[in-house]
Amino acid sequence: MIFLLSFGLVGCWDRVEVNDIAIVMATGVDLLPDHKLKVSAQYALPGSSGQKGGGASESKKAYFVDSSVGVDLRDATQQIQERLSRRNFVAHRRIFVIGEKLARQGIRPILDELSRNPESRLRTYVVITKGITASDLLQTSYPFEKIPMEALREIERSRVGLEVQLKDMLIALATEGQSPVLPAVGKVQLQGDTKASFRLIGGAVFKDDKLVGWLNDSSTRGILWLRNEVKRTVVTVKIPKVQGYISSDVVRANTKVSAKKENGAIVLYVKSMAEADVTENTTELDLMEPQNVKLVEDEISKRVNDRMQSTLDKIQHEYKSDVVGYGEIIHRTYPRDWRTMKSNWETGLFPKTKILISVSIKVRRVGMTGPSLDIPEKEIKRGAPQ
Amino acid sequence: MENKETISNIQYSLLLLPLVTATGILYVPSVTTAVAGRDAWLSPLFSGLLGIVVVWIIYKLSTRFPEQSIVEYCPKIFGKWIGNVFAAYLVLYFASVSATVLREFSDFVNTVGLRLTPPLALIICMVTLSVYVTWQGIEVLLRTTIWIVLFTLFIYIVIVILSIPVIDLKQIRPFFENGFKPVLKAALIPAPWFGELMTISFLIPRLNQPQKTSSVSVYMVIFITIIMMLTNFTTIGVFGPLVSRMTFPLYELARFLSVGDFLERLDPFILAVWLMAVFLKFSFFHYITVQGIAQLFQIKDYHILIIPTAIIIVVLSFRLYANSADLISFLSITYPIYGTLMQLIIPAIMLVSSYVLKRKGDRNHE
């Protein structure tokens, strides 16, 4: 009996050996003029994708890209599959790239396959290309990583810009009165390198499932502040009437948004708090002096406040798209009012809603020195600037 | 008597767990959120109350007819003809639950794991196991239960703890956005899973400490309710509005989790423990179907019925549902009504009539 049963353990219909699969690291989708989709896939080449063995020779790439055209994702993927000696395997896919053109037409049609396919993961990062096509992006190499899209994943994870996983985007799309904002990726020329590379360039603002506009790096950080997603950032400010600049690491940022009804209208209050560590001081201010620290605090808070305000202006009035999910805050606080508001939220009500921002950033540490060590004693400004 | 097998209360209570949750935690989050939205995590609370009612009715019946199962005392309450028709109907119901569990198992494995493996191959593996266990008797099943359930619980708790960092409590609020009604309506969906606890009727006669049965059963129903609520809560907290559109939200959750970037894709763990839990549930239902048939036709040795019953269940599992959409619509629309009839209404009628007609089992074994 045991002997017979053991056959059941070893025999397996769906056996797939590692050397039978082609590991897809990233998939890119572009819209062609004839409304067909061009699907490109970046594959990791086995045997050369390890982290070690530095000094990768240019002749031996660790990845290759193939693309094909079809009416939907599956159709195009199948076209690629027919040319491959190994089976497409998307379970390790890191990045899903959506071409700018397709994004403008609406991304909903391509999203179904991503969640229906049991191999595909909701943790995959999603990016939009800016200025190039998705298939071009996949062809682009990156100096640090052997597999270029691995770099994009690491960059997203470091949270300098937006970090959007497939799950987050699907939730934003599925929630009424909310739109996704995705990181935008463009081609850049890295200095000292002959070949082009890519970097995150701000964010791509959607309205429902259509791309409506871009945000620059500074506004994208504004989005992070508005959504309470800031992990760590550097803010550089100039103190009025003082020469030089002060830079500080902003840490422990926390943004709270609350909705209140005032005279029948709903007003949103955005309160941001954070701590700052001064890391560079090119002014003559002595930061051991409390009143100087106060000046720096005010300036940093004002700077962050301005950034949030300008971002908000952009999404409220220019794009009319609630990518920060403030509609959901009203939904949570006033579920009854929301019922009538939700259908008209993004285009009609969101641009008109009063949103008040207040930022309070406290300087906690000023680094290893009070005044800069290189300034002669008499030039150090101990008191407040006149 | 040929079955002198006895059951301890710990074994008994641990068996109740996979009986409800094995298939429940997989399908319930998505079908309840489809009705109650983000409030669905509360729904199992009310299903649990129904579960307690079912358990109480069965317990009361068992005290009136000690050492007998529902199939045996059914004719004693309603008389030979009507009683046997009811009993036969109950046995058919057990067979259909077995078939449904088998189908849920093969559908799930075919969807998430082995897509090219014919369902029959999977089903034969499962049925071979259950035939073996049923052949050996309920005691063997209960001994395996302890280890499987503890291991399953461990994996489940790990999954829940790991998902704490990704839970977004904002997804849970606002509470009762559409009022209380959808929550109650959604509570009807997991109710039949709790109602399947009526099968304890086959276990109670064998318990070695029958005086503790009622409290142990109620504690277990509460525990199961907590697990169901926790499952709904975590999946909604992580996936928000997406839960209702997923087929297996808990499995998606296991796929989504990542521990410090090196431990990812915990789905094989879920799959492994789930298979074991389903094995328990299926074997138990196979066992009681066989027992039911034996008691119905007063067959002394139930062993000759094991393989024929297994074949009937396999065939049923293929014939009952056309595809997985059919299965899910059965689970979310038909089963709440069908289940309530079989698990709540019929036993309730039995209990009431046993009092009205003053029918009682003789305590000749005590």
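Thresholds applied
Every chain's residues receive numbers from 1 upward, in the order its sequence appears when written. Following the order in which they are written, the chains are lettered starting with A and the ligands numbered starting with 1. Confidence filtering applies because this is a predicted model: local features only for residues at pLDDT of at least 70, side-chain atom pairs given and counted only at 80 or more, and all residues used for totals across whole chains, interfaces and linings. Heavy atoms throughout the structure, all of them, feed into the side-chain values; hydrogens and water do not. Only DSSP runs of H or I with at least four residues qualify as helices, and only runs of E with at least two residues qualify as strands; both kinds are numbered from the N terminus onward. Exposed residues in this analysis have more than 50% of their type's maximum accessible area, buried residues have under 20%, and partly exposed residues fall in between, with area computed by a 1.4 Å probe over protein chains only. The accessible surface values rely on the Shrake-Rupley method and a 1.4 Å probe; as for residues, cover is taken only from the protein chains in view. Helix axes use the C-alpha atoms of the stretch in contact, all axes being lines fitted to C-alpha atoms, and the angles between their N-to-C directions lie in the range 0 to 180 degrees. An angle below 35 degrees is read as roughly parallel, one above 145 as roughly antiparallel, one from 65 to 115 as roughly perpendicular, and any other as oblique. Crossing chirality is assigned from the near helix's rotation relative to the far helix, an anticlockwise turn below a right angle marking it left-handed and a clockwise turn marking it right-handed. What makes two residues a contact is simply this: any of their non-hydrogen atoms within 4.5 Å. Each residue gets one of three labels, nonpolar for Ala, Val, Leu, Ile, Met, Phe, Trp, Tyr, Cys and Pro, charged for Asp, Glu, Lys and Arg, and polar for the others, Gly among them. Buried area is understood as the total, over both parts, of accessible area removed when two parts are fitted together, assessed with a 1.4 Å probe. By convention in these notes, a salt bridge is any Lys or Arg side-chain nitrogen within 4 Å of a carboxyl oxygen on Asp or Glu. The predictor reports its confidence for every residue as pLDDT, a score running from 0 up to 100. The method works on a 1 Å grid over the protein atoms by themselves. A cavity is a set of points holding a 1.4 Å probe that cannot get out, a pocket is an open set with protein on both sides within 12 Å along at least five of seven lines, and residues with an atom within 4 Å of a point line them. Grid points are joined across faces, edges and corners, and a volume is the space filled by probe spheres set on the points.

A. Molecular detail of the overall build of chain B. Helices and strands together make up the secondary structure of chain B, namely 13 helices and two strands. Projected onto its principal axes, the C-alpha positions of chain B cover 65 × 45 × 40 Å. Within chain B, buried positions represent 58% of all 366 residues. By element, 70% of the accessible surface of chain B is carried by carbon and sulfur atoms, the whole surface being about 15,100 Å².

B. Quick look at the overall build of chain A. Tallying secondary structure elements over chain A gives twelve helices and 13 strands in all. Burial statistics for chain A: of 386 residues in total, 52% are counted as buried. Put simply, chain A shows about 19,000 Å² of open surface, and 52% of that area lies on carbon and sulfur atoms.

C. Spatial organisation of the packing of helix α3 (residues 70-78) of chain B against helix α13 (residues 324-356) of chain B. Residues and elements named next belong to chain B. Between α3 and α13, whose axes approach to 10 Å, the crossing angle comes to 50 degrees. Comparing the axis directions of α3 and α13 gives the class oblique. As α3 packs across α13, the resulting crossing turns out to be left-handed. Here α3 contributes I70, Y73, C74, I77 and F78 to the contact with α13, which in turn contributes P347, I349, M350, S353 and S354. Looking at the contact of α3 with α13 residue by residue, the classes come out as eight nonpolar, two polar and no charged.

D. Summary view of the interface of chain A and chain B. In this complex, chain A contributes 26 residues to the contact, which on the side of chain B involves 32 residues. Between chain A and chain B lies a buried interface of about 2,600 Å² when both sides are counted; carbon and sulfur atoms form 53% of it. Between B:R38 and A:E328 there is a salt bridge; the shortest N-O distance is 3.7 Å. Of all elements in the fold, only α7 (166-174), α10 (326-333) and α11 (335-341) of chain A reach the threshold of two or more residues within the side of chain A that touches chain B. Of all the elements, α7(A) adds the most residues to the side of chain A that touches chain B, at four residues. Of the residues in the side of chain A that touches chain B, the class split is eleven nonpolar, six polar and nine charged.

E. Representation of the confidence of the model for chain B within the structure. Averaged over all residues, the pLDDT of chain B is 85; the fraction at 70 or higher stands at 96%. The complex model carries a pTM of 0.80, and its ipTM stands at 0.73.

F. Here's a closer look at the pattern of salt bridges. Residues and elements named next belong to chain A. By the definition in use, this model includes 26 salt bridges over all chains. E113 is the partner of R74 in a salt bridge, and the nearest nitrogen-oxygen pair spans 2.9 Å. Of the two residues, R74 is situated in helix α2 (residues 73-83) and E113 in helix α4 (residues 108-116); the sequence distance between them amounts to 39 residues. Judged by its relative accessible area of 47%, R74 is partly exposed. Salt-bridge contacts for E150 lead to R153; the nearest nitrogen and oxygen are separated by 3.0 Å.

G. Quick look at empty space enclosed by the protein. Residue and element names in this part refer to chain B. Here the structure, examined in full by the defined rule, presents four cavities of 30 Å³ or more. If you go around the largest cavity, you meet 16 residues; those closest to its centre are T21, I25, T152, Y156 and A277. Looking at the lining of the largest cavity, the elements that each hand over two or more residues are α1 (9-36), α6 (138-163) and α11 (267-296). By volume, the second largest cavity amounts to about 70 Å³. Breaking the lining of the second largest cavity down by element, the ones donating at least two residues are α2 (43-64), α8 (191-195) and α13. For the lining of the second largest cavity, a count of residues per class yields six nonpolar, five polar and no charged.

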